[in-house]
Amino acid sequence: MPCCKVCTAEGCHGTHFGTICCRACAAFFRRTAFSKLRNSKCRSASCDKEKSFCKPCRLRKCLEVGMETSNFQYHRDSLHDSESSSVFKKLEAKHSKQTISKIPKSFECFVGRPGMILFWDAQKSKHRKTFIDVSYLLDEATMIFRQPSENVHIFENQLHRLAIGLKVVSGNTKNYRFLTKIDQRELSDTWQWQFLTVAKWLTHFKQFDALEEKVKLTLLQSTWHVWSVLDHHFASAAHHRSNPNALKTHAVTRRGVMMDMTNVHFDANWLSGYPSAELNRFLHVPSRFDITAALEALQPTEMERTFMLVQLSFEYAGKRCQGEMLQLTDYFQQVLATDLHDYYVKELRMEKYFDRLAKLMKVNNAIQKKLWEQRPRIELAKVFDLIKLEFSHPEMFMDTGFN
């Protein structure tokens, strides 16, 4: 199969917008072709303008290889045949009759738009952005990568090494500090702890340690926040198991720091011109799957916990970056999956572990699903300028809810 002319990924399935490219690049071009990225400069120090792109450079490459907006299909709904459209309309009418009496009679429902968007003030888009420079985190991570990894390993099994490394970087916290207010400084401290902790942890993985520095930084910027989401749930589940009388609303934000989600004030003045409650309601993606409760019930071992962290991180990074990065993360997952198999079969004497592994992966899939579902809300927040943050390295905060 031909390679994508934009990101050089193998296995393209045809021509999109006049050029042979992968579906990821086609979807990116459709989203950004008419955006402000068209006139933006390069945003990332790790962008090589060939395979590892920032958003403006990726869009510029799309245009350079011949992708055209004239090939956009603006009326794709009309392509449905009349029979399927008729069936859809009947189902829609039936559903409307069943639910119309349950819809609250509000102005938002009457006009079909949320109040926050309906009463959006265009003047608010002119407010000054809060600029956040995170280049110092990349400098510190680079220093970590250049130092020899700590000699704490007695295993050649890479999953074992990462499990030991997780103990080293996380530490054992027994006393928690309770938060009553989350402001810019507290959130920045959390980002710093999470980013540098993941950087230190990854150095315990021999295959990662052998990579070029630029590739390491790209992987780190793509994985730290999803790693942190799962680690937060692990820590919260462990706290609830150790303290059966603890309130279900208690959640660990990072090691040594906890909050009661019903009794904490979030200062959003630096983040948005809208009240924090309204902003949270708009960006929040509801889910019926309770991740923390599922982990409490499963009680994963240290090796299982480590595998869940690496699988979630590398799976997400591969899908996001595509191309050679996808091949690299797939290889990493194969190595670690083999190590997990040896752990189950040789150490636990568990020949049939599929059901157990499926339950663990259900947690990871729930986290990824929530990230994908949140993306349209974030894009809409950008359109209406709901979030007034500007990062020195925006690619580092993709899918975090802040960029």
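Note that this is a predicted model, so its numbers are computed, not measured.

### Comments concerning the overall build of the protein chain
Helices and strands together make up the secondary structure of the protein chain, namely 15 helices and 9 strands. In the protein chain, buried positions account for 46% of the 403 residues. A separation threshold of at least 6 residues defines the contact pool for the protein chain, and within that pool the share at least 24 residues apart is 73%. If you sum the accessible surface of the protein chain, you get close to 22900 Å²; carbon and sulfur atoms cover 53% of it.

### Quick notes on empty space enclosed by the protein
Inspection of the entire model under this criterion finds 1 cavity of 30 Å³ or more. Volume-wise, the largest cavity comes out at about 50 Å³. Trp-193, Gln-194, Ser-228, Asp-231, His-232, Ala-235, Val-252, Thr-253, Arg-254 and Arg-255 are the residues that line the largest cavity. Every element with two or more residues in the lining of the largest cavity is listed here: α8 (184-202), α10 (213-242) and β6 (250-254). Of the residues that constitute the lining of the largest cavity, the class distribution is 3 nonpolar, 4 polar and 3 charged.

### Focus: α10
If you look at α10, its biggest bend is around 40 degrees, right at Thr-223. With respect to burial, α10 is a largely interior element, 22 of its 30 residues being buried.

### A few points about the nonpolar core
Membership of the largest hydrophobic core comes to 82 residues, with the highest contact counts inside it found for Trp-191, Phe-195, Trp-201, Leu-219, Leu-220 and Leu-230. Grouped together as the second largest cluster of nonpolar side chains are 21 residues, Val-6, Cys-21, Ala-33 and Phe-53 included.

### A closer look at the sheet that holds strand β7 (residues 257-260)
Within a sheet, adjacent strands bond to each other through the backbone by hydrogen bonds, running parallel or antiparallel. The 3 strands lie next to each other as β4-β7-β6, forming an open sheet whose pairing is mixed. Strands with a single pairing partner mark the edges of an open sheet, and in this sheet they are β4 (177-179) and β6. When the angles between neighbouring strand axes are averaged without regard to direction, this sheet yields 40 degrees. Here β6 runs beside β7; their pairing, made up of 4 bridges, is antiparallel. In the sheet register, Ala-251 faces β7, and the bridge partner there is Met-259. Sitting on the sheet, α8 is in contact with β4, β6 and β7, with an inclination near 65 degrees to β6. Strands β6 and β7 of the sheet are contacted by α10, whose axis makes an angle of about 135 degrees with β6.

### Considerations on the pairing of β7
By the alternation rule, side chains of β7 split into Val-257 and Met-259 and Met-258 and Asp-260, which are all buried. Sheet topology places β4 next to β7; 3 bridges connect them, and they run parallel. Of the residues in β7, the one forming a bridge with Phe-178 is Met-258. Between β6 and the antiparallel strand that follows it, β7, lie 2 residues; Gly-256 among them carries a positive phi value of about 90 degrees.

### Quick word on the packing of helix α7 (residues 158-170) against helix α13 (residues 302-321)
Each packed pair of helices is defined by two parameters, the angle between the axes and the distance between the axes. Packing of α7 against α13 leaves a shortest axis separation of 9 Å and a crossing angle of 95 degrees. The orientation of α7 relative to α13 falls into the category roughly perpendicular. Between α7 and α13, the residues in contact are Leu-159, His-160, Leu-162, Ala-163, Leu-166 and Lys-167 and Glu-302, Met-303, Arg-305, Thr-306, Phe-307, Leu-309 and Val-310, respectively. Here the contact of α7 with α13 is built from residues that sort into 8 nonpolar, 2 polar and 3 charged.

### Quick notes on the confidence of the model for the protein chain
Confidence in the prediction for the protein chain averages 82 pLDDT; 83% of positions are at 70 or higher. Within the protein chain, helix α3 (residues 82-99) has the poorest average pLDDT of any element, 49, and α13 the best, 95. A low-confidence stretch, residues 74-85 stays under pLDDT 50, and its non-local contacts, those more than four residues away or across chains, total 5 contacts. Note that pLDDT drops below 50 for residues 98-104; the model gives that stretch 2 contacts with residues more than four away or on any other chain.

How each quantity is defined
Residues numbered from 1 in each chain as written. Predicted model: local features only at pLDDT ≥ 70, side-chain atom pairs only at ≥ 80, totals over all residues. Heavy atoms only, no water. Helix = DSSP H or I, 4+ residues; strand = E, 2+ residues; numbered from the N terminus. Buried < 20%, exposed > 50% of the residue type's maximum accessible area, 1.4 Å probe, protein only. Contact = heavy atoms within 4.5 Å. Areas by Shrake-Rupley, 256 points an atom, 1.4 Å probe, with all protein chains shown as cover. 1 Å grid on protein atoms, 1.4 Å probe; cavity = no way out; pocket = protein on both sides within 12 Å on 5 of 7 lines; lining within 4 Å. Points joined across faces, edges and corners; volume = space filled by probe spheres on them. Nonpolar A, V, L, I, M, F, W, Y, C, P; charged D, E, K, R; others polar. Bend = angle between axes of the 7 residues up to and from the residue. Core = buried A, V, L, I, M, F, W, Y, C linked by side-chain atoms within 4.5 Å. Pairing = 2+ DSSP bridges. Axes fitted to C-alpha atoms, helices over the stretch in contact; angles between N-to-C directions. Parallel < 35°, antiparallel > 145°, perpendicular 65-115°, else oblique. pLDDT = per-residue confidence, 0-100.

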